[in-house]
Each structure stands twice: as structure tokens, then as C-alpha cells.
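Read off the chains here:
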Protein chains: 4
Amino acid sequence: MKYLFRNDYSFGAHPKVLSALAETSLEGNVGYGDDAYCDRAKALIRDLCQCPQAEVQFLIGGTQTNFTAIAAFLRPWEGVVAADSSHINGHEVGAVEATGHKILQVCAGADGKIRPEQIEPILERHRDEHLVKPRLVEIADATESGMVYTKAELTALSEFCREHDLLLFLDGARLGCALASGANDLTLADLARLTDAFYIGGTKNGALMGEALVISNPALQGDFFRIKKQLGAVLAKGWLLGVQFEALLKDGLYFEMARHANAMAARLQSGLKAKGWKLWVDSPTNQVFPIVPDSLKPQIDAVCHYEDWCPADGPGYTIIRFVTCFNTEKSDVDGLLAALPTL
Amino acid sequence: MKYLFRNDYSFGAHPKVLSALAETSLEGNVGYGDDAYCDRAKALIRDLCQCPQAEVQFLIGGTQTNFTAIAAFLRPWEGVVAADSSHINGHEVGAVEATGHKILQVCAGADGKIRPEQIEPILERHRDEHLVKPRLVEIADATESGMVYTKAELTALSEFCREHDLLLFLDGARLGCALASGANDLTLADLARLTDAFYIGGTKNGALMGEALVISNPALQGDFFRIKKQLGAVLAKGWLLGVQFEALLKDGLYFEMARHANAMAARLQSGLKAKGWKLWVDSPTNQVFPIVPDSLKPQIDAVCHYEDWCPADGPGYTIIRFVTCFNTEKSDVDGLLAALPTL
Amino acid sequence: MKYLFRNDYSFGAHPKVLSALAETSLEGNVGYGDDAYCDRAKALIRDLCQCPQAEVQFLIGGTQTNFTAIAAFLRPWEGVVAADSSHINGHEVGAVEATGHKILQVCAGADGKIRPEQIEPILERHRDEHLVKPRLVEIADATESGMVYTKAELTALSEFCREHDLLLFLDGARLGCALASGANDLTLADLARLTDAFYIGGTKNGALMGEALVISNPALQGDFFRIKKQLGAVLAKGWLLGVQFEALLKDGLYFEMARHANAMAARLQSGLKAKGWKLWVDSPTNQVFPIVPDSLKPQIDAVCHYEDWCPADGPGYTIIRFVTCFNTEKSDVDGLLAALPTL
Amino acid sequence: MKYLFRNDYSFGAHPKVLSALAETSLEGNVGYGDDAYCDRAKALIRDLCQCPQAEVQFLIGGTQTNFTAIAAFLRPWEGVVAADSSHINGHEVGAVEATGHKILQVCAGADGKIRPEQIEPILERHRDEHLVKPRLVEIADATESGMVYTKAELTALSEFCREHDLLLFLDGARLGCALASGANDLTLADLARLTDAFYIGGTKNGALMGEALVISNPALQGDFFRIKKQLGAVLAKGWLLGVQFEALLKDGLYFEMARHANAMAARLQSGLKAKGWKLWVDSPTNQVFPIVPDSLKPQIDAVCHYEDWCPADGPGYTIIRFVTCFNTEKSDVDGLLAALPTL
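Named according to an unreviewed UniProt entry, chain A is Low-specificity L-threonine aldolase originating from Intestinimonas butyriciproducens. Turning to chain A, the UniProt annotation filed under Sequence similarities (unreviewed entry) states: "Belongs to the threonine aldolase family." Under the heading Cofactor (unreviewed entry), UniProt records this for chain A: "pyridoxal 5'-phosphate".

(A) Just the relation of the copies chain A and chain D, in detail. Taken as rigid bodies, chain A and chain D are interconverted by a rotation of 180° and an axial shift of 0.0 Å, the fit giving an RMSD of 0.0 Å. Between the two chains, the operation in question is that of a two-fold axis. Comparing interface residues between copies, 100% of those in chain A also lie at the interface in chain D; the contact surface is shared.

(B) Highlighting the sheet that holds strand β3 (residues 78-83) of chain C. All names here are of chain C. Taken in spatial order, the 7 strands make up an open sheet running β2-β8-β7-β6-β5-β3-β4, and their pairing is mixed. Strands with a single pairing partner mark the edges of an open sheet, and in this sheet they are β2 (55-59) and β4 (103-106). Each adjacent strand pair in this sheet contributes to an overall mean axis angle of 25°, direction not counted. Where strand β5 (residues 133-140) and strand β6 (residues 167-171) come together, 5 bridges link them in parallel fashion. Following the sheet pairing, Leu-136 is matched in β6 by Leu-167. Sitting on the sheet, helix α6 (residues 116-125) is in contact with β3, β4 and β5, with an inclination near 135° to β4. The strands touched by helix α11 (residues 239-249) are β2, β7 (197-201) and β8 (211-215); relative to β2, the strand with the most contacts, the crossing angle is about 110°.

(C) Representation of the packing of aromatic side chains in the model. Enumeration according to the criterion identifies 36 aromatic pairs over all chains in this entry. Ring centres of Phe-5 of chain D and Phe-322 of chain D lie 6.2 Å apart, and the angle between their planes is 75°; on these two criteria the pair is classed as edge-to-face. Taken together, the residues Phe-5 of chain D in the loop between β1 (3-4) and α1 (15-24) and Phe-322 of chain D in strand β14 (residues 317-323) connect sequence positions 317 residues apart. Residue Phe-5 of chain D is classed as buried on the basis of its relative accessible area, which comes to 1%. Aromatic ring contacts, followed pair by pair, group Phe-5, Tyr-306 and Phe-322 of chain A into a single cluster. A cation over a ring is seen here: Lys-113 of chain B above Tyr-149 of chain B, with NZ or CZ 5.7 Å from the ring centre.

(D) Looking closely at the interface of chain A and chain D. Facing 19 residues of chain A, the contacting portion of chain D comprises 19 residues. Counting each side, the surface lost to burial between chain A and chain D is near 1400 Å², with a carbon and sulfur contribution of 51%. On the chain A side of the interface with chain D, the three residues burying the most area are Val-93, Glu-97 and Lys-102 of chain A, jointly 39% of the side's total. For the pair chain A and chain D, the number of links is 2 salt bridges. Across the pair Glu-97 of chain A and Lys-102 of chain D runs a salt bridge, and its minimum N-O distance is 2.5 Å. Applying the counting criterion to the chain A and chain D interface returns 8 residue pairs in polar contact (both at pLDDT 80 or more). Counting residues per element, the ones that place at least two in the side of chain A that touches chain D are α4 (87-90), α5 (95-98) and β4 (103-106) of chain A. Of the residues that constitute the side of chain A that touches chain D, the class distribution is 6 nonpolar, 8 polar and 5 charged.

(E) Spotlight on the packing of helix α12 (residues 253-274) of chain A against helix α14 (residues 330-339) of chain A. Residue and element names in this part refer to chain A. The interhelical angle for the contact between α12 and α14, taken along N-to-C directions, is 15°, at an axis separation of 10 Å. Overall, the two elements α12 and α14 adopt an arrangement that is roughly parallel. Here α12 and α14 pass one another in a crossing that is right-handed. Here α12 contributes Met-264, Arg-267, Leu-268, Gly-271 and Leu-272 to the contact with α14, which in turn contributes Lys-330, Val-333, Asp-334, Leu-336 and Leu-337. Per-class residue counts for the contact of α12 with α14 are 6 nonpolar, 1 polar and 3 charged.

(F) Here's a closer look at the packing of α1 of chain D against helix α11 (residues 239-249) of chain D. Residue and element names in this part refer to chain D. Direction vectors running N to C along α1 and α11 enclose 140°, while the axes themselves pass 9 Å from each other. Of the possible angle classes, the one that applies to α1 and α11 is oblique. In this structure, α1 meets α11 at a crossing whose hand is right-handed. Across the interface between the two elements, Lys-16, Val-17, Ala-20, Leu-21 and Thr-24 from α1 touch Trp-239, Leu-240, Val-243, Gln-244, Ala-247 and Leu-248 from α11. Among the residues forming the contact of α1 with α11, the class breakdown is 8 nonpolar, 2 polar and 1 charged.

The rules behind these values
Residues numbered from 1 in each chain as written. Chains lettered and ligands numbered in written order. Predicted model: local features only at pLDDT ≥ 70, side-chain atom pairs only at ≥ 80, totals over all residues. Heavy atoms only, no water. UniProt positions renumbered as here; feature names shortened; annotations may be inferred. Least-squares fit on C-alpha atoms with pLDDT ≥ 70 in both. Contact = heavy atoms within 4.5 Å. Pairing = 2+ DSSP bridges. Helix = DSSP H or I, 4+ residues; strand = E, 2+ residues; numbered from the N terminus. Axes fitted to C-alpha atoms, helices over the stretch in contact; angles between N-to-C directions. Phe/Tyr/Trp six-rings, centres within 6.5 Å; stacked < 30°, edge-to-face > 60°. Buried < 20%, exposed > 50% of the residue type's maximum accessible area, 1.4 Å probe, protein only. Lys NZ or Arg CZ within 6 Å of the ring centre and 35° of its normal. Buried area = accessible area lost by both parts, 1.4 Å probe. Salt bridge = Lys/Arg side-chain N within 4 Å of Asp/Glu carboxyl O. Polar contact = N/O pair within 3.5 Å; in protein donor to acceptor, adjacent residues only side chain to side chain. Nonpolar A, V, L, I, M, F, W, Y, C, P; charged D, E, K, R; others polar. Parallel < 35°, antiparallel > 145°, perpendicular 65-115°, else oblique. Left-handed = near helix turned anticlockwise from the far one by under 90°.

Here's what the structure looks like:
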């Protein structure tokens, strides 16, 4: 039996979430999210965000949430500024473009973050009316490489966006691990205040599926249900999402799981360093990115599931990815470390 | 406590389906449907369809399955022939049009069915290259009004489509109740043989969510995963769909539930007739459509959840809809009948 | 040599328009419509419309102007209310749907007009958030069957739209003949005031090509150039459109040609009646629609070019269409009348 | 009066083209390109291409031709490989993405060309089904920086594409100048043989407007008129395009004009070098790209129209562009050279 470090969606739901689903399964509820569970979960999220006017919408998955929000917020001639390494640019089969919008790529570094000074030349160049109009900046927290935005960084980005009439949208597929990270100083309330919309990812942190989109900018809230339905993002048995988010958020389970996943990743990261492994980035969240010689790959394959991330700079080296989650045990980490060779 | 007859997605999953989900929740599985449960469920479906070459794809919901299949199968200038009363035309916020395809509406009668002679004038008119090219006929079994296609009807439609180079796609959101109906003489194997693609609806028959799309036409099978991902229809924890469809189909639970739902609807329908109620159609499946005087509505509202379907022909009358499902008890039907007035 | 009555785009430009193009051809102008001719033509149009705040945009053809305006004005989940017989619904290969918007068809009568009471049930039905949101009413003047809106009719429609937060967009591909008709009591200023946007068709009234879109609603004016470019509707040598519209409008040539076309059509219509021909509608513009026995078709084919319009109510009869234009001579009309049989 | 070197679409049509249009203006022709001029021009093009099975389609402008062809050729999940500096990527307001297709950018050098070894890593990376499927390679001849493909280069690219099941589409907006260049060894027949589709640009070489798309791959030919109409690319008075292309191609006028434009550019380029000006690339066609100190810009502005191309590598320097065309006189070049300062 190999150790499972391939990703944070290899297990179903946290037992408490599953229990909540089971308990409510046969009680009978109205469809499409028009139920009391969704109402309560939305209220909980608005409270946590200290944003009573926020519109909260539950969707099923991350790719879907990204393109639905972008399609809802933009006009046809408007484009999205995003990191070249972002999930929307490189892992979603052109879903944003399929809704008609061009992604204007920022060449982000290994941390996957976007900074105002990287957006400026894009704005400058796109004053020309023969190009799309940059209108929305998409970032992720944690980023694709597991890094987190600081409050100072997000504030700077937010101010820049507001000065330049740009919307700021944050992909929160791994928001739990970001906010639970030691490197983080942001709160949900900060996110609601500094972005126009963001989402709280459930799929990668203990739910069967589900993302909670928080639209704090009132100008973007209207008619959202219609586009959600049009794009296939409305779950008929919508209360399943409300039940899960209530279970995740009412007693802090969501952040507890994320802290656990981060702690397991930190333990793995330290252990690898102790064994002489090099890392691509020093990740403060639940993803760990060793740089390994290709010759070592068969030995790693033999003991665990993981993912090839991308070729490393030097020839003969690959960046690989280990991911932890709510269900990663300390014994899994220690077992993996014991099974991996020293470099 | 009101009786619940509003729809067939008011309850979660059948207990056996839920157990299967719970048992497998923490065992660890690869994502995106690349797991053993999906493989086994696909094999099961290919067997039931007697169609070893069929491509089986799991998607999350009905609207999503409809537009994803249509977008995958058609070229930009091709249109969909569908009943004016079809779900894709009137209940999905223009999802098909949002993928760029025009719906060419057939004025279907109360039974919601399409017949070759209704398609012919559309083909005739659209020979003109200034109009879209009709390329796919979309039908549903059961139809929106709960009626089922006979083998003779589907064979005639299939032959017509093949003669005229039209694809035939069947929306099977309520396929369980259709195939389990006493009025039905079709099998899954017939559907695989007579259509180019169809789906076996899970959401409305005992699953938390999930539709199994069966693409029997090899020309339509390529690259389907990519468009499914692009349109947000890939579940990260894809095995959840495989687990559910295996539980639904391996021991006949799927058809057992459908037969039960149909029997409950038949009981309700007979009971209503006995009380002097008029029906819009004589439904052989799990939807019952009484025509009620508007003055009666408050009394009905007081005892049950149901849906207003559409205005009836006569002024002051409305067609309403009662729906049964796997979780409708005989006592619910009898209780409702007792609570409703005689006409 | 057969008489040419097939349509109003069978000839190039009016000689004065062509001269203007020839004179300016080699003088050198900046591209994309950023030239003095376009500026002057726009000013002329704003003056004629008594609407100094109007945004005027030149596009190349009618289909293009229809879908570009609709795509620019609507959000993805919004639909277009239009006559089933409208050009956008039945002659443009689903161009509106290709931009993602559903057309909600009004069953218009032979006159092709839409009335508020026909829109009301559509609004009523589409309150349901599982349907597209009706947001724009599209009409044409003249309509597809050559009829014109009266000021009273357009005012009623405009008021209804404003009360119900609907945009009103008028397809003016044949606006010249509509405004020049004896049945008309509308002015360009009325159109600018009563609609949100409309266009002055050049292609069907003496230009090589070109439509002048007048957007009087300031909320719809922003960024129009970008979407025009994105949808291929910007002419590189944009001054060609400005030169033509200046030539058409500065001395009344546009309306003079339209009056002539209408007069020729009236002469033809009277002549046909005198010969015992039946007409589908009594057209006040440049299209004439006889109802002819199919047995007569070979005789008509032998003497002129015309178009089959649609089957007539009675079997064995077809509605055909004759169209006149700026270049139709009185001798053409009289010659055709002489050549056609008496009924 | 300033010298006009801003672009090759600053003048209308060559006098011979304009005469042809004038002569045929009032003779009466059937619409939509179904006329004898279009037929003859298509036959002429098929002959020049030595490709009797080619489908020839006339469209109005370059952006339109690019996105219409791409939308016609691709399925929704397929992407376009193109140079980052290509017109479709940076000058068309995201028109390709507006049809739903992602552009996979190749980082081309100053010459703007794509080579097989630059496509390989894109194919490698996109084997992953979570990314779009690269399916079409788009190149331009001349490129955006005025360079031309050699027969060896295009052959290598063509072979690579065929080996990897990629379509090859060539943007020929400036094909005249490319084929007329001294650096060129390709013929129209080579293009028809080595690409799947390409177009012969009229707008930038002596026509009022118009591009002739040549689809040599039979698999891409079907139903093209319908998508052309859907995307607004059908000219009602379609013979205007046939008349122009016949005039351009029947006696070699097209290549004569291109040779002239190239000669004028070469004269300008040599003259600038003689005055000590530095050039970004040594252009063999009708575009010249000097690198000028920003301090010099006011002096250049005072004597001519040109375009800022992009910032040069060194700070304080800009790459600017001069363009010649059929109507550029030797005296214009010499006058400009005399008026510009020595560096």
C-alpha cells in the first residue's frame, strides 16, 4: 500500500460532514439551494466575513466557480489579468476562454503571486482599443505553489485595482490552508473588504464537493442565480452544499482541518530537508515541492502517490508535489519520510 | 407537516447509496473519475446497454449533461431540434444557446413527444444556408409531462434521424421511471442502439447527484473529458459518481426505486380520479398533473408541497404537478388523498 | 433579360455615393473610422436625430449590426424578445444565439409587428429564475413583411419597455423606406427618443455596404469600438462608411431614393391588383407580396427575378416577394406588369 | 501636408479596381456572392493555387477572416498555437477567445516566425487532458514584423503539423508583399499544398476591402457559408468582392502593386541606413521598423504619419513603423528621407 500524497481531494468528506449529510438525507428539502441549511450557512459566512451585504452563492467545483464568476462579472470585450501559472490559465481546458474572455498573463515567479507593478504594463499596453480591456485581476490564495498573500500585499493589490477600475477576484480553492498558515495575517473579513469576490473552497478541505462564493461588491450580485444555472453550476439537491458548509464552519472544523494539513506538510517539509532534499519553494501551506533527480523517481514511485509538477531548471531534475489534507496522519508522514531515500 | 410532492429531488440518496459513499469515503482514491468505482460502474452500464463500445461519462446534473453533450457533438452553425416544452428550451436559462446553438422548436402536444413528421418541415425550411443547420434531435424519456416513448416511436425517430443525418440525443433525467413504467417496452440496449447518446439520470432517482452519459456513436466519443472539464462538469472527487452508479445499478436498486415511484404516482392518480379530479395527461410515470380550479389552490397549499405547472386552457384553471420518488410512502399518498377535497 | 425584383441589394451604390467614394479614394485617410468623413457623418446623424448625446457607430452589414449591438448590450443570462418572423430569428444562421443569447419568440402576425400585450406573458413566465431574463425587445421598421410602425405603436412599445426595464432596439435595415412611406408618421428624432438604439440601413438603400447604429441610451455607449472590433465589424478603411453616409444624408438623397423605391412598389402593387392578383399584405414600402398559384410560377420565373417567401395558407399557393430599390425604373415596373399574366 | 507612412490601408482601391467596381455597379447581380464575378475570381484563385479542389471564400476583413476560419475549423476544446506577437493575439480584442478558443502563445523572436521546435514543448505539456488540445498552428506571411517564410521553413512546419495532427492556417493579410519579396521562394501553389487554409489579403493591397480564404483541406470545407453568415462575414452585395479580386488577380495587378510597395520600402530602408538610422529588423517587405531615440519623435511627427510599434530594448528608444503601399510614390519616399534628420 503506497502512501497517498497526490492531492487534497483523494478522500471524501470529513466524518462530521458526512454525518451531517446522512442525518439530513431523508428529511425532505426544497431544491436548488432555497433551503434553511443554505440560508444558515450563508448567514454564517456573512458573519465570518463581517460583511452583511455579501451575496453568498454555493457552487460545486473550483473550475466551475472560476469561470462562472468571471463570466458573470465581465462584459464580452473585457479580459482577465492572471498569473501564467494560475489554475485558470493552465489547468482548466481553457474554461475562461470558452466563456469568451482572454486571459492576459502575468509572468509570475515561483511564488505564483501578482504584484501591482506587474499589472501596470498590461494596463499601459491595453489602452489601445484594438486590444481587450483588462477588467478583472484573478489571484489565488494559496497560490498554485502553496504560497500565501500577506495583508500588506493584498492591500496594495486591492488599492491598485480600485484606482484602476479593476475588479479583484480571489480563487480560494485552498483558502483554508492559506488562512490557517503561520505565514498568513489575513482574515475572511479582510478578504471580503479587499476583494470584490472570493471563494471558500470546500472540495480541497473536507467536503465531498462545494465552493462558497462570496460577492462583496454589490454591483456584481444581481441575477447570479440565473448565470449559475445557465452554466450548470446549480445542484438540484442544493441543501447538500448548505449542510456541508454549515458543518465545516459552525465550530471551526474548516480551519482545524486546514491547520492539521499544514502541520503535516510542515513536518514532511522539515523531514525532507533533514534528509538533504532540495525544495522549489519553502511552502507555508499543505503543498510541498521537492526538486528531485529523475533517477530517483522510480524509488519515489514505489512508495507513494504524488504528482510531477514541472521540469526543474537544471536538466535531469523535476519538481514534484506532495499534498497533505485533513486525513493525512502523522504516521503517514513519518512512514513516507522513512521510506524515501536520503540525498 | 405538509406532504412532499413537489419533485423527485427533495430527498438525498437512497440509504444503500449513502452507505456505499460512507464506506468508501476515507479509503483514498485518485481524482477526476480515474478510479476503480467509475471503471466498474462504466462496465456495468456497457453491459446493461449491451454496447461494449459505448463511452460512458459521469456528469453532475441534468442541465449540465444536456449542454455539455450538445456542445461536444455540434459544430457552431448547427442547431438542435427539440420540443417547445422540453427542459432545455424552457428550464435551463438558455444554457444551450449560451454554448452558441439555436434550438429549433417543435410544437409538441401535451405528451411532449417529437415525431418525424414534425421534424420534416424544419429540415425543409433549413435547407436555406441563411439558417442554422438542424443536426441533433433532442428528446426526453420520460418527457416533461411524464409520458414515455414506445419502441415503435423511438425506432421511427431513430430511422428518420439516420436517414437525414441527424444525431439523436435522449435526456434521461427521468429514465428510471420511464423504463420502469408499464407503458414502456424499451430497454437500455434499445436506447444504446437507437440513439447516438442518452443518459441515465441519477439525481432524480436516488443519488445525491450524478448522470451517466452513454455515447454509443463512436464518432462522438473523442476528447469528451476535455470539454467536460472545460464546462465545469468534472467532479474532483469523481469516484463519488462511480460509487453511486455502482450501488444503483449492480443489484437493480435503480429500477426498483423507479417502479416504486411509479406505483405511488399511479396510486395517487387513481385516487384523484376517484375523487373527481381531472388530469391533463394520464401519466404512466412518477409525475401526476391535475387540472385544478384556482379557487382550490389555498386548500391544496395547506396540505402539501407541489408545483404550478402552467395555466390550463380554461380561464380560472391551472395545471399543477405532484411528483413521487423512491422515498414516497404509501401512507404519504393515502394521507394526501385524504386531505385533498373531492371535486 | 429578366426584370430584377429579387431584392434591394442587387445593385451597387447610387452614382452620387460612388462618386464620393471615387473622389476620396486616393487622398489618404486614417483607418478604422477615425477620420473626418466619419466625424461629419456622425454629426449629421446626431443632428437629424436631434440627439446630441447619441453615439453613432458605423458597421458593415445588417446581421452584423444586429448581433454586435445585442452582444454589446446584454449580459450572458439575458434574452431577446423578437418576432418569430424577424430577420434575427430566421435569416441569420443563429447569429444571436452564437453570441450566447436566447431569442424569446413572439408569434407575430402577417404584419411582423410586436405589441406590448404580446410581451407581457413572456415577462410573466420568465420571472422564474430558471429561465433567461428578457431584457431587450428587438423590432424592425420596416418589418420583414414591409409594414411600418406608427408613432402611437412605437410610443406604446417604448413606454412598456421603460416600465419593465427592457431595452428597445430597432433593426433599420430598411429604415429609409419605412420613414419615406406614406403610412409613416415617425421621424429619426422620434426613433432616437423612443428606442435605446436603432440603425439607419445603408446596404439596402443605395450604399455599397454600411449601417449607421445610433445608440441614444448613454448606458449602452461605453467601449463599443472594442466589441465592434472583436466581432469583425470594424472596416480597416473606415472612412468608406463615413463618405457614403455623408453622401446619403447631407442632401436628402437617402430619403429621395427610399421615396422612389416606395413609389415603384406602389405602382407595382396597384398594377398587380388591377390584374386580379391577391396580396398577402398591403405593403406601404418597397416590398410587395403576391399570393400566387404554384402553377403560375414558371410564367413568373420566365420574366423576372423574385423570391419565394413562404407557403400560403391554401395548398397550391405560395407567397412570393418583389422588391424595388433606388435603381428600379418606372419602365421596369410597367414592363414587368405587362409581362405578367392576368389572374 | 505630412507624408503618409502610417499603414497600407490609408488609401482606397487601386484605380483599376475602382473602375471595375464602378462599371459593374448598376448592372444588377444576385447577392451573397452567388454571382459570376465571384465564380470567376474563385476559379482564378484555384488556378493560381494549382488546387482545383480548393474551396475559396471571400470575407470582408482580416480579423474577421482569422476568427471565422478558426471557429469553423476547431472544436470547442481545441486551441490555437500562435506567436505572442501575432495579430490574433495582440491586435484583435480577443476575437479568437470570443469564439471560445484559447491561444497558446509561442514566444517568437523579432522575426515573428514559429518553428517546429517551439511547438513541441506545447504539445508535450498539453498531452494532459486538463489543458486544451492544441489543434491549429496560426502563422502569418509576411509576419507582423514584415519578415517572410522561406519554402524550407514552411515545409518543415507543414510536415511537423501533419505528423502531429495539427492544422496549419496562414494569415495572409500581407501575402502580396510576402510573395513579391526578394526574400521569398514560395508560390500560391506551395501555400495551398503546405497549409490547410490561408488567405490572400485584399484590404492591405489595393482593394477597398476583402480577403480571399483558400481552404485546400477538404475536411474543412463543409458548411463554411453558414458560419460565415453567422459571424457577420457575408457581404450582401457579395459580387463587390468577386469584382475586386478578379481585377486584382487576372492581370497580375496584385503582385505588381506588392512589388512596388516593397521597392518603396526598400528605398526607404536604404535611405534611412544611409542617414545612420538603426533598424529593428531588416525587412524584405513593405514595413520598415527604425529604432529611434524618443527625443527625435517630435521631428518625425512633424513630417509624417507613422506608428509607434513598441518600446525598444534600450531605455529612451522606441521602435516605430513606416509602411508603404501601392500608392506610395518614389517622391514620397525621397521627400520623407530628405525631411528626416541624419543620426
